[in-house]
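Results of the structural survey
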Amino acid sequence: MSFRTRTKICGLTRAEDALAAVDAGADALGLVFYPPSPRAVTIEQAAEVVADVPAFVSVTALFVNPTVEQVQSVLDAVRIDLLQFHGDEDEAFCAQFNRPYIKAIRVRQASDVVASCVRFPSALAVLLDSYKPGVPGGTGETFDWSLVPQSDDLKPIILAGGLNPNNVAFAIEQVKPFAVDISGGVEATLDGVEQKGVKDPGKINAFLDEVYRVDANTRKISSNKH
């Protein structure tokens, strides 16, 4: 059994923040291609953000109900390793781009998770986010983590929604996800106001340190049992 929780820093808009996430040890970086989002980037911005991201760090492109042309235009111009769909896309749409993909689910009840794993058999994982009417993600709010079923039959779970350095350890202990995904929880503040899309390197490091700490504790507990 693996005790390493993978990590993704999403909503990046600046190259320096992408490199700060890489330096802190993030496994994946996320770019938002959804214009209504305050963290959205243009194709030109995205190319600059990931220009110096090294090998073995995955770059993810997030879309919400895009057209085929919109997705393809990003793939043609930006280094993208993984697609992430947050809208009402069906499996056929998600699977047509010759890229691995994950499907985001806004959780209202436990059956949402199971049903989504069944509906998207070709997805590499399902990302669980908070449900808020009319908002496809990025709410900054947690959901009831007890709704996530503990089953080996499910696809790998990526936990998102309201995570921060203060609650990620408890989230990992309760949900035992394959990965955790954070955006707003590591953003900079100016005069108490969150600067959406601008990351705080100190918060990124604090978040990842907590992930490493809880993983190490889990390994220690497991080894003591044997």
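Being a predicted model, the structure only gives us computed values, none of them experimental. (Residues numbered from 1 in each chain as written. Predicted model: local features only at pLDDT ≥ 70, side-chain atom pairs only at ≥ 80, totals over all residues. Heavy atoms only, no water.)

Here's the deal with the overall build of the protein
What the protein contains, in helices and strands, is 7 helices and 10 strands. At 17 Å, the protein has a C-alpha radius of gyration in line with the 17 Å of a compact globule built from 226 residues. Taken over the C-alpha atoms alone, the protein extends approximately 50 × 40 × 35 Å along its principal axes. Counting all 226 residues of the protein, 49% fall into the buried class. In the protein, the share of contacts with a sequence separation of at least 24, taken over all contacts with a separation of at least 6, comes to 54%. (Helix = DSSP H or I, 4+ residues; strand = E, 2+ residues; numbered from the N terminus. Rg over C-alpha atoms; globule rule 2.2 N^0.38 Å. Buried < 20%, exposed > 50% of the residue type's maximum accessible area, 1.4 Å probe, protein only. Contact = heavy atoms within 4.5 Å.)

Quick word on helix α3 (residues 68-77)
Every buried residue of α3 is listed here: Val71, Val74 and Leu75. Take α3 and look down its axis: the buried residues cluster within an arc of 100°, on one side only. Set apart from the buried face of α3 by more than 90 degrees, the exposed residues are Glu69 and Asp76. In this structure, the buried side of α3 is in contact with α2 (43-49), β3 (58-63) and β4 (82-85). (Arc of directions from axis to C-beta.)

Focus: the environment of Ala46
Mapped onto the secondary structure, Ala46 falls in helix α2. A sequence separation of 34 residues divides Ala46 from Leu12, and the C-alpha atoms of the two residues are 8.5 Å apart. Not counting residues within four places of it along the chain, the set of residues in contact with Ala46 comprises Leu31, Phe33, Val41 and Val78.

Considerations on the sheet that holds strand β2 (residues 28-32)
Strands sit in the order β1-β2-β3-β4-β5-β6-β7-β8 around a closed barrel of 8 strands; the barrel is parallel. On average, each strand axis in the sheet is tilted by 25° relative to the strand beside it, whichever way the strands run. Contacts from helix α5 (residues 110-119) reach β5 (101-107), β6 (125-130) and β7 (157-159), with the element oriented near 155° to β5. (Pairing = 2+ DSSP bridges. Axes fitted to C-alpha atoms, helices over the stretch in contact; angles between N-to-C directions.)

Remarks on the nonpolar core
Core analysis: the largest hydrophobic core is formed by 58 residues, its most contacted members being Leu29, Leu31, Ile80, Leu83, Phe85, Leu128 and Phe207. In this structure, Leu29 is in contact with Lys8, Ile9, Leu12, Ala18, Ala21, Val22, Val53, Val57, Ser58, Val59 and Thr60, ignoring residues within four places of it in sequence. (Core = buried A, V, L, I, M, F, W, Y, C linked by side-chain atoms within 4.5 Å.)

Section: the environment of Ala123
Among the structural elements, Ala123 can be located in the loop between α5 and β6. In the structure, Ala123 is positioned 39 residues away from Gln84 in sequence and 9.6 Å away in space, judged by C-alpha atoms. Other than its neighbours up to four places away in sequence, Ala123 contacts Tyr101, Lys103 and Lys155.

Quick word on the pattern of salt bridges
If you walk through the whole model with that rule in mind, you get 11 salt bridges. The residue Glu194 makes a salt bridge to Arg39 at a minimum N-O spacing of 3.6 Å. Taken together, the residues span a long stretch of sequence, with Glu194 in strand β10 (residues 193-199) and Arg39 in the loop between β2 and α2 at a distance of 155 residues. Under the relative-accessibility criterion, Glu194 is labelled partly exposed at 34%. We note a salt bridge from Glu89 to Lys103, for which the minimum N-O separation is 3.6 Å. Pair noted here: Glu89 is in the loop between β4 and α4 (91-94) and Lys103 is in strand β5, with a separation of 14 residues, a long-range link. Using a relative accessible area of 5% as the deciding quantity, one classes Glu89 as buried. The exposure class assigned to Lys103 is buried, which follows from its relative accessible area of 3%. Via salt bridges that share partners, Arg39, Glu187, Glu194, Lys196 and Lys199 belong to a single interconnected network. (Salt bridge = Lys/Arg side-chain N within 4 Å of Asp/Glu carboxyl O.)

Some points on unusual backbone geometry
Its identity is not glycine, yet Asn98 carries a phi of approximately 60°, on the positive side. Structurally, the position occupied by Asn98 is in the loop between α4 and β5. Using a relative accessible area of 72% as the deciding quantity, one classes Asn98 as exposed. Positive phi is not limited to glycine here, since Asp191 has a value of about 55°. Of note, Asp191 is situated in the loop between β9 (187-190) and β10.

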